[in-house]
Amino acid sequence: MTSNPDYDVIVIGGGNAGMSAALTARECGASRVLVIEAAPEHSRGGNSRHVRNLRCMHDQALGVFQDSYLESEYWEDLLQVTGGRTNEDLARLTIRESEACFRWMMQQGVRFQPALGGTLQLSRTNAFFLGGGKALLNSYYRKAAAIGIDVIYESPVTGITIEDGKVQSVDVTKDGQVKTFQTRALVIASGGFQANIDWLREAWGPAADNFIIRGSPFDDGKVLRLLMDAGATITGDPDQCHAIAVDARAPKFDAGIVSRVDCVSLGIVVNQEAKRFYDEGEDFWPKRYAIWGRLIAAQPDQIAYAIIDAKSSGLYLPPLTPSIMGNSIEELAKALSLDPTTLKQTINSFNLAIEMGEFDHTILDNCHTSGLTPEKTHWARTIDSPPFMAYPLRPGITFTYMGVVVNEQARVMFNDNKLSPNIYAAGEIMAGNILGKGYLAGLGMTIGTTFGRISGREAASHAG
Amino acid sequence: MQDKTKETQALMDEGERVMNICNACRYCEGFCAVFPAMERRFSFASEDLRYLANLCHDCRECYYACQYAPPHEFKINVPKVLTRIRRQSYEEYTWPAGFARFFNHPVYMLFLSMVIIPMVFIIFGVMEHGIDGLMQVYTDDQGSFYQVMSHTQMVSVFGLIGLYVLLAFIMGWLKFKRDISHDGTKITGWQDMKQALKDILTMRYLGSSGDGCTYPDENQSLLRRNFHHFTFYGFMLCFAATSVATVYHYWLNYPAPYPLLSLPVILGTLGGIGLIIGPCGLLYLKKKRDKKPSDEIQSSSDTTLLLILLFISITGLLLMLLRETAWMGGLLLVHLGLVMGLFLSMPYGKFVHGIYRFGALLRFTSEGRKS
Ligand SMILES: Cc1cc2nc3c(=O)[nH]c(=O)nc-3n(C[C@H](O)[C@H](O)[C@H](O)COP(=O)(O)OP(=O)(O)OC[C@H]3O[C@@H](n4cnc5c(N)ncnc54)[C@H](O)[C@@H]3O)c2cc1C
Ligand code: SF4
Ligand code: SF4
C-alpha cells in the first residue's frame, strides 16, 4: 500500500448499515470517507429503502414510545424466535445499543411517527420512520453531503485486495471500466445475497426459481462471495432467511411491503392440489406471517392460495392486487386452475369440522376445527358466503442470514480465528451472528445501525 | 366532450391505482391528512378521490419518501396525480359549468383579467373624461378618485359583480358538498368548523412537523408556508381596509381618500406589502420547484392568481403615493380593472382552492371524530 491511500474509510453499500458506518466514521474524525453504491441514485440503499421501523429498547417513555421495553424482555423475545441460535454477547450489545441508535438517527435528521395503522401490536417496541426507509435514507444522504462524504453510484464492487486479512484496495466496475481505490479501512455493508437466484438455487434447488425477492435487486451477495474466497469465516446456513407469503402476481423484485397478503388467518390456505397444509390460525398473524414463506416453499411448485369468503372482506390490510373472485367454489377453482372437486371437498370438510365459538379477530378466539388434519385452531369460520375470494401466494424472500463472523468491534474474522485489523462488517451481511433463524420485526435495522456505528467508529480510529 | 370524459376516467383510474398501493403501504401516514383519510377507505370512487385531492396541499413529502416513485415500475407520484384530480374537481364544481374550461386554460384567465378588463376600464375612462381629463391633477380635498369614477358607479359595478362571484362560490360549494358527502356523511358542525378553520389559518399541514414542506426541492423548508401567510394575510388586510372604508363611507359619512395614517390606508398598505412579498416569494419558489411532482396546468393557474394579486398590490401602492399627481387617473383605472379581473377570475381559478380545502378539512375532522 502506498503511504497515502485514496481514502481513510471506504464503505461498500449505501443502505442503513453502510450510511450509519460512513456518517459515524466522519463524526469520529475520518476525513476522507467514500461510500460505494451499486445502485443508481434513485434506488440507492438496498433493502433499507423498503423498511418501516426499528426495534428499540427503552427503560421509560421515549419519543414515539410509551411504557418501557426492557433489555430482559427484548432478549427473551430474541431467544424465543431464534431458538437459541444467536451469539448472546453480540445480541445483547445490539439490544443495549438500540436506544442510542434511535437517538443517533434523530440527530441525523431522521423523523419518526407512531405505529402505522394496522400495526398497533408493535407500538411499544418499534419506532416507525416517517415516510419509511426511503425518507430515512434521504436524511442520511443529505447529512453525508453536508459533512463531506463522497458517494459514488452505479459502481458495484467487483474485487477486494486482501493480504493476510488486511485490506489494501477495492475495485469498482463502472461503465465497464475498473477503478481501484486504496484505503486504510474497509466497512462492508452490502446486504444479503437474496437477489442472487443462482446462489439461492444452490441452497434451495429449483424451488428458488419460484421465489419472489421483496427487496433490492442489487443485493446479489457478490461481496460476500469475495470475502468467502478471501477466507472469511462464515456463519449461518445458506437456506436460512426471512421469507413471508407474498402475492404471486407481484413483480419479481423490489415490490417491498405492499405485496404481502394479510388475510391468511381469516380463511384457509390450499396448495396446488387444493389441499390445506398448515394451521392458518395458529397465532396472531404478525407473529406467524414470517413462517409462511418457508411453508409455501415446501409445497409443490411453491404456490398456494389463500381463500376467504365475503364475511372477511374489509377485515385485513388492503392488498396490492385485487382478489381473484368466484360466485361459487367451482367458479373460483376454475379461476385458480385448481381441481374443483377437491377444492369443494377441502372446503366442505373444513366447514363441517368447525366448532363455532365467538369470532373475534383481535384475540385468540374460540372458533376452531376439530378432527381435521391440519386443524385450524383460531378464527375458523365457514367458507360459504359468496363471493369467494382468493390470493395466489409465493414465498417472498426478505433477506438471507448467512454471512461473515464478526466480533463486538465489528471486525471480520478470517480462517484460523484471526480477526482482520481493518475490515469491518455491518448489517445483513453479518446479521446471521445474531439471527441464526427466526426474526423479530425491526431487528434488521437495529443490527444494521448498531454495527454500522461500531464499524464506522472502529474504522475511523484504525485509520486515524 | 367524449375525449374529456375518457381523460377524466383515465385520471380517476390512475388515482385509484395509486391510492390502492398507498393503502397497502401506509408509510406516509404521518405526513398529512390524506393518508389517515385514505386508510378509512377500502375503495376509491371519484368522489373519494376528489375529497382526498382537496386534502392534499402538495407538500411533496410523500413523493420524495416514496419507495415506489418512478422509475420504480409502480410509478407512484401522489402529489402529481392528486393535483390533477384537484384540478378536475374544480372543474366539476364550477358554476356555471361552461366556465370550467378556464381551469384547463389558465392563460385565458390571465389575459382576460390582466389585459382585457383593465383595458375596458381605460377605454371607458377615456371615453368619459378624454385623455386630458384623465391626466388632470386632483387634490385629496377634491375627492380625487371619485372624479374619475363616481362612488355610485364603483359601488354598483363592483357590488353587482361581487354578488355574482358570491353566487358562483355558493353554487360551487353546494356541488362540492353534495359530491364529498355522497356517502351521507354530514360535514358541517361548529366544533369541526373551528378545528378546520384553525388548521387553515395556521396552515398546520404546510408546517408538517415544524420544519415545513419539501418545496421547492427535496429539502424541507418553511419558505412556502411563510410566503403563503404573507399572501393570505395580505389579502385579508386589504379586504379589511375596504370593509373599514365602507363603514366610514356609509355609517360615518366620511368618504375617501383617507390620510396616510388613517386605518384603511394603514391596513391597505400593510396588506399591499404582504401581497408583494407573498406572491413574489411564491413565484420565485415556483420557478425553482422540482417539476417531477408538479402538474404544469395547475402551476400556471397558481401563477395567474399570484400575478393578478401582485399587480393589484403594486398599482394600489403606487396609487396611494401618486394620488395627487397626473398619474392618478390612469393608475386608478388599471387598478380597478385588475381588481375586477380578480373578482371575475376568483370562481374560475386557483382562488377556489381555499374554499374546497376548507370543506375537505371539515369532512376530515368530522370523519376523524366518528371513527
Ligand atoms: C420489504 C422489506 C421490509 C423490511 N422492513 C423492515 C423493517 O421494518 N424493520 C427492519 O428492521 N428491517 C426490515 N427489513 C429488513 C431490512 O431491510 C434489512 O435488515 C436492512 O435494510 C439491512 O440493511 P443493510 O444496510 O445491511 O443492507 P441494504 O439496505 O440492503 O443495503 C445494501 C447496499 O449494498 C449495496 N450493494 C450490494 N452489493 C454491492 C456491491 N457489489 N457493490 C456496491 N454496493 C453494493 C446495495 O445496492 C445496497 O445499497 C425489511 C426488508 C424488506 C425487503
Ligand atoms: S407515497 Fe409511496 S411510500 Fe408513501 S404511502 Fe404511498 S406508496 Fe407508500
Ligand atoms: S404531497 Fe404532501 S399533502 Fe399531498 S399527499 Fe403527499 S404528503 Fe400529503
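So, on to the site of ligand 1. All names here are of chain A. In the vicinity of ligand 1, 38 residues are found, and the nearest of them are E37, S48, N53, D219 and M445. In this structure, an oxygen atom belonging to ligand 1 sits 3.2 Å away from a main-chain N or O atom of G45. A distance of 2.7 Å separates an oxygen atom of ligand 1 from a polar atom in the backbone of M445. For the shell around ligand 1, the elements supplying multiple residues, two or more each, are α1 (16-27), β18 (388-400) and α11 (443-463). Sorting elements by how many residues they give to the shell around ligand 1 places α11 first, with three residues.

Facing 30 residues of chain B, the contacting portion of chain A comprises 33 residues. Summed over both sides, the interface of chain B with chain A buries roughly 2,400 Å², with 53% coming from carbon and sulfur. Across the chain B-chain A interface, the total number found is one salt bridge. Here E61 of chain B and R111 of chain A are joined by a salt bridge, their closest N and O atoms 3.0 Å apart.

The next subject is the nonpolar core. Ranked by internal contacts, the top residues of the largest apolar core, which has 99 residues, are V9 and F451 of chain A. Sorting elements by how many residues they give to this core places α11 of chain A first, with eight residues. If we ignore the near neighbours within four places in the chain, the residues touching V9 of chain A are A25, A30, R32, V33, L34, T183, A185, V187, A459, A460 and A463 of chain A. Counting 95 residues, the second-largest nonpolar core is a separate cluster that includes A255 of chain A together with C22, F44 and I117 of chain B.

All names here are of chain A. Relative to strand β21 (residues 418-425), strand β20 (residues 411-414) runs antiparallel, the two sharing three bridges. In the strand pairing of β21, M413 is matched with L419. Hairpin geometry of β20 and β21 is characterised by an intervening segment of three residues between the two adjacent antiparallel strands and by a positive phi of about 65° at D416.

Take unusual backbone geometry next. The peptide bond linking P70 of chain B to P71 of chain B adopts the cis configuration, its omega dihedral lying at 10°. For P71 of chain B, the position within the fold is in the loop between α4 (61-64) and α5 (78-93). A cis amide bond, omega 5°, links Y215 of chain B with the succeeding residue P216 of chain B. The topology assignment puts P216 of chain B in the loop between α10 (204-207) and α11 (223-250). At A274 of chain A, a position not held by glycine, the phi torsion is positive, near 65°. With respect to the helices and strands, the residue A274 of chain A is situated in the loop between β13 (268-271) and α7 (285-288). One non-glycine residue, R26 of chain B, lies in the positive phi region at around 70°.

Turning next to the domain arrangement of chain B. Residue and element names in this part refer to chain B. Taken domain by domain, chain B holds domain 1 (2-93) and domain 2 (97-370). A separation of 28 Å is found between the C-alpha centroids of domain 1 and domain 2. Taken together, the contacts link 31 residues of domain 1 with 39 residues of domain 2. Interface area, domain 1 with domain 2, both sides summed: about 3,300 Å², of which 54% is carbon and sulfur. Looking at the side of domain 1 facing domain 2, the largest losses of area belong to R87, Y90 and Y93, adding up to 24% of the total buried there. Applying the counting rule to domain 1 against domain 2 returns four salt bridges. Our enumeration of links across domain 1 and domain 2 arrives at 21 residue pairs in polar contact (both at pLDDT 80 or more). Looking at the side of domain 1 that touches domain 2, the elements that each hand over two or more residues are α2 (34-39), α3 (46-55), α4 and α5. Among the elements that line the side of domain 1 that touches domain 2, the one with the most residues is α5, at nine residues.

Rules used in this analysis
Residues numbered from 1 in each chain as written. Chains lettered and ligands numbered in written order. Predicted model: local features only at pLDDT ≥ 70, side-chain atom pairs only at ≥ 80, totals over all residues. Heavy atoms only, no water. Near = heavy atom within 4 Å. Polar contact = N/O pair within 3.5 Å; in protein donor to acceptor, adjacent residues only side chain to side chain. Helix = DSSP H or I, 4+ residues; strand = E, 2+ residues; numbered from the N terminus. Contact = heavy atoms within 4.5 Å. Buried area = accessible area lost by both parts, 1.4 Å probe. Salt bridge = Lys/Arg side-chain N within 4 Å of Asp/Glu carboxyl O. Core = buried A, V, L, I, M, F, W, Y, C linked by side-chain atoms within 4.5 Å. Buried < 20%, exposed > 50% of the residue type's maximum accessible area, 1.4 Å probe, protein only. Pairing = 2+ DSSP bridges. Domains from an automatic or database assignment.

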